[in-house]
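Chain by chain, the residues:
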Amino acid sequence: AMPDSKVRKGKKKTSLKKFVINCSKPVEDEIFDMASFTKYLHDKIKVNGKTGNLGDDVKISNPDDSTVEVTAKCDFSKRYLKYLTKRFLKGQNLRDYIRIIAGAQKNSYELKYFNVHNEEEEETAE
């Protein structure tokens, strides 16, 4: 027998990756709907190239009113989450006001407002 028992003993059985998106700023201002964002992630995250395939591999939860937590057992990139969040913001026409930046913790993102100057406001007011 190959020494595969060693492999199993190692900590990396399935590496759980946990990503957090903190949306508290826009949620406080009631311009960001957590429920639809959570649902959007649910519908759009692809596992093995397919949407609606989350199964046990990807769990999406809301630890509180303004946070989405994505726990993935499979390969899952933080950047992919950023991409999906941007697409959601675009769909909500919030892309001009809100940006997603790396949060304080390792695998976290935060939604922040752009520092909007007056001349920018006029441009995006159409």
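Residues numbered from 1 in each chain as written. Predicted model: local features only at pLDDT ≥ 70, side-chain atom pairs only at ≥ 80, totals over all residues. Heavy atoms only, no water.

1. Side note on the confidence of the model for the chain
Put simply, the chain has an average pLDDT of 86, and 80% of its residues get 70 or more. Confidence, expressed as mean pLDDT per element, reaches its minimum in the chain at helix H1 (residues 4-9) with 46 and its maximum at helix H3 (residues 34-44) with 97. pLDDT under 50 marks residues 4-12. Its contacts with residues more than four places away, or in other chains, come to 0 contacts. Throughout residues 118-122 the model reports pLDDT below 50, and contacts reaching past four residues in sequence, or to other chains, amount to 2 contacts. (pLDDT = per-residue confidence, 0-100. Helix = DSSP H or I, 4+ residues; strand = E, 2+ residues; numbered from the N terminus. Contact = heavy atoms within 4.5 Å.)

2. With respect to empty space enclosed by the protein
Inspection of every chain in the model, using the stated rule, returns 1 cavity of 30 Å³ or more. In this model, the largest cavity occupies a volume close to 40 Å³. Forming the boundary of the largest cavity are Asn22, Cys23, Ser24, Lys25, Glu110, Leu111 and Lys112. Elements supplying a minimum of two residues to the lining of the largest cavity: helix H2 (24-28) and strand S7 (108-113). A per-element tally of the lining of the largest cavity places S7 first, with 3 residues. (1 Å grid on protein atoms, 1.4 Å probe; cavity = no way out; pocket = protein on both sides within 12 Å on 5 of 7 lines; lining within 4 Å. Points joined across faces, edges and corners; volume = space filled by probe spheres on them.)

3. Comments concerning the sheet that holds strand S5 (residues 67-72)
By definition, the strands of a sheet pair up through backbone hydrogen bonds, in either a parallel or an antiparallel sense. Judged by pairing direction, the sheet is mixed, and its 5 strands sit side by side in the order S4-S5-S1-S7-S6 without closing on themselves. Pairing within the sheet leaves two strands with one partner each, and these edge strands are strand S4 (58-64) and strand S6 (98-102). Across the sheet, the mean angle separating the axes of adjacent strands is 20° when strand polarity is ignored. Two strands pair when backbone bridges link them, and S6 and S7 are joined in this way by 5 bridges, in the antiparallel orientation. Paired with Ala102 across the bridge in S7 is Tyr109. Relative to S5, H3 is tilted by about 15°, and along the sheet it contacts strand S1 (17-22), S4 and S5. Where helix H4 (residues 78-91) meets the sheet, it contacts S1, S5, S6 and S7, and its direction lies at approximately 30° from that of S7. (Pairing = 2+ DSSP bridges. Axes fitted to C-alpha atoms, helices over the stretch in contact; angles between N-to-C directions.)

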